[in-house]
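Geometric and topological summary
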Amino acid sequence: MPVRIRTATQHVAMFSVDADAAQRMIDYSGLRVCRLRPHRAVAVLMLMEYVDGDLGRYLEYGTNVMVNPPGSDASGLRAFQSAGAFIHHLPVDQSFTLEAGRTIWGYPKVLAEFTVRDGRRFSFDTTIDGRFAVGMDFAPGIPVPSRFTSAPRVHSTYSHLDGVTRETAGHMALSGVRYRPGGATVRLGNHPYARELAALGFPKRALFSGSATNVEMTFADAKEIP
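Thresholds applied
- Residues numbered from 1 in each chain as written.
- Predicted model: local features only at pLDDT ≥ 70, side-chain atom pairs only at ≥ 80, totals over all residues.
- Heavy atoms only, no water.
- Pairing = 2+ DSSP bridges.
- Helix = DSSP H or I, 4+ residues; strand = E, 2+ residues; numbered from the N terminus.
- Axes fitted to C-alpha atoms, helices over the stretch in contact; angles between N-to-C directions.
- Core = buried A, V, L, I, M, F, W, Y, C linked by side-chain atoms within 4.5 Å.
- Buried < 20%, exposed > 50% of the residue type's maximum accessible area, 1.4 Å probe, protein only.
- Contact = heavy atoms within 4.5 Å.
- Polar contact = N/O pair within 3.5 Å; in protein donor to acceptor, adjacent residues only side chain to side chain.

In the nomenclature of an unreviewed UniProt entry, the protein corresponds to Acetoacetate decarboxylase from the organism Mycolicibacterium grossiae.

As structure tokens, this is what we get:
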């Protein structure tokens, strides 16, 4: 430890969702969603392709809900600055990272298959146990100067597995970043993951979307949250 990711690509989108529905979805964690407004929370959906790292090469889809630090009921834009990402779905396509993710950090990784189409528009489909779960389509964003994105940033992720909630601190530095308003749409299948996303109001358009041609990351040990 720490586990290092030297090269990865990212496609990510941020969505406004019903805060009460999001809270019901993650109640099992004991955490509280970060409410930007009284009835709105933020879900972040993403696809990562890890190219060179300590866990090997693999694809990973994530459904994340932004949450307050443990014990906080803060709300509004200021609260969002200290919010972390609670990882609710995390399918991957390789067994080694599945075992490492579940064992080391308590991430809810399951095996999945991915279909990726990378042309003028980027899109992907996620299939679990032979059932289409979720797909996304991305329009190209506007390049962001590297001076705004290349500095390493510390972020917290939260997970809950086998009755234990955990917090993991990570460092991330991005390059080749593009962002735009909207720019991403979601497609749902017939897997249980899709029904959970539908309860949040999906499919819907994104508030913002973005991509990065390279992501460098480190992950520390997880800490159990009482």
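Take the sheet that holds strand β12 (residues 184-188) next. The strand order across the open sheet built from four strands is β6-β7-β8-β12, with neighbouring strands paired in antiparallel fashion. Among the strands making up the open sheet, the edge pair consists of β6 (113-118) and β12. Strand-to-strand, the axes of this sheet are offset by a mean angle of 10 degrees, without reference to chain direction. Sheet topology places β6 next to strand β7 (residues 122-128); six bridges connect them, and they run antiparallel. The residue bridging Arg-117 from the neighbouring strand is Ser-123, located in β7.

Right, let's get into the nonpolar core. Grouped together as the largest cluster of nonpolar side chains are 37 residues, with contacts concentrated most on Phe-15, Val-17, Leu-45, Tyr-61, Met-136 and Phe-202. Elements with a minimum of two residues in this core: β1 (3-18), α1 (19-26), β2 (40-53), β3 (58-67), β7, β8 (131-138), β12 and α4 (192-199). In terms of residues, this core owes the most to one element, α1, which gives five residues. Not counting residues up to four positions away in its chain, the partners in contact with Tyr-61 are Leu-45, Met-46, Leu-47, His-89, Leu-90, Pro-91, Phe-114, Phe-124, Thr-126, Val-134, Met-136 and Leu-197. Counting residues in each nonpolar core, the second largest holds 30 residues, with Ala-8, Cys-34, Met-46 and Leu-98 among its members.

In this section: unusual backbone geometry. Following Phe-202, the chain continues to Pro-203 via a peptide bond in cis, the omega torsion being 5 degrees. Along the chain, the position of Pro-203 falls in the loop between α4 and β13 (208-225). In this model, Asp-129 sits at a positive phi of 55 degrees, which is unusual for a non-glycine residue. Within the fold, Asp-129 resides in the loop between β7 and β8. Here Asp-129 falls in the exposed class, since its relative accessible area comes to 71%.

Another point: the pairing of β1. In this structure, β1 lies alongside β13, joined through eight bridges in antiparallel fashion. If you follow Ala-13 over to β13, its bridge partner there is Ser-209. Two strands pair when backbone bridges link them, and β1 and β2 are joined in this way by 13 bridges, in the antiparallel orientation. From the neighbouring strand, Thr-7 faces β2, where its bridge partner is Asp-52.

With that settled, the discussion passes to the side chain of Gln-23. Counting through the fold element by element, Gln-23 comes out in helix α1. Of note is the side chain of Gln-23, whose polar atom sits 2.8 Å from the backbone nitrogen of Val-33.

Time to look at helix α3 (residues 95-105). Turning to α3, its buried residues are Thr-97, Leu-98, Ala-100, Gly-101 and Trp-105. Downstream of α3 by one or two residues, Gly-106 has phi in the positive range, about 70 degrees.

Turning to the environment of Gly-76, a few remarks are in order. Residue position: Gly-76 is located in the loop between β3 and α2 (77-81). Taking the C-alpha atoms as reference points, Gly-76 and Pro-140, 64 residues apart in sequence, are found 29 Å from one another. Residue contacts for Gly-76: discarding those within four places in its chain leaves Arg-35 and Leu-36.

Now for the side chain of Asn-64. Here Asn-64 is to be found in strand β3. What Asn-64 contacts, discounting residues up to four positions off in sequence, is Val-42, Ala-43, Val-44, Met-46, Ala-85, Phe-86 and Ile-87.

Where strand β4 (residues 84-92) and strand β10 (residues 153-161) come together, two bridges link them in parallel fashion. Paired with Ala-85 across the bridge in β10 is Thr-157. Where β10 lies against strand β11 (residues 164-181), nine bridges are found, and the strand directions are antiparallel. Its bridge partner being in β11, Tyr-158 is matched across the sheet by Glu-167. Hairpin geometry of β10 and β11 is characterised by an intervening segment of two residues between the two adjacent antiparallel strands and by a positive phi of about 55 degrees at Asp-162.

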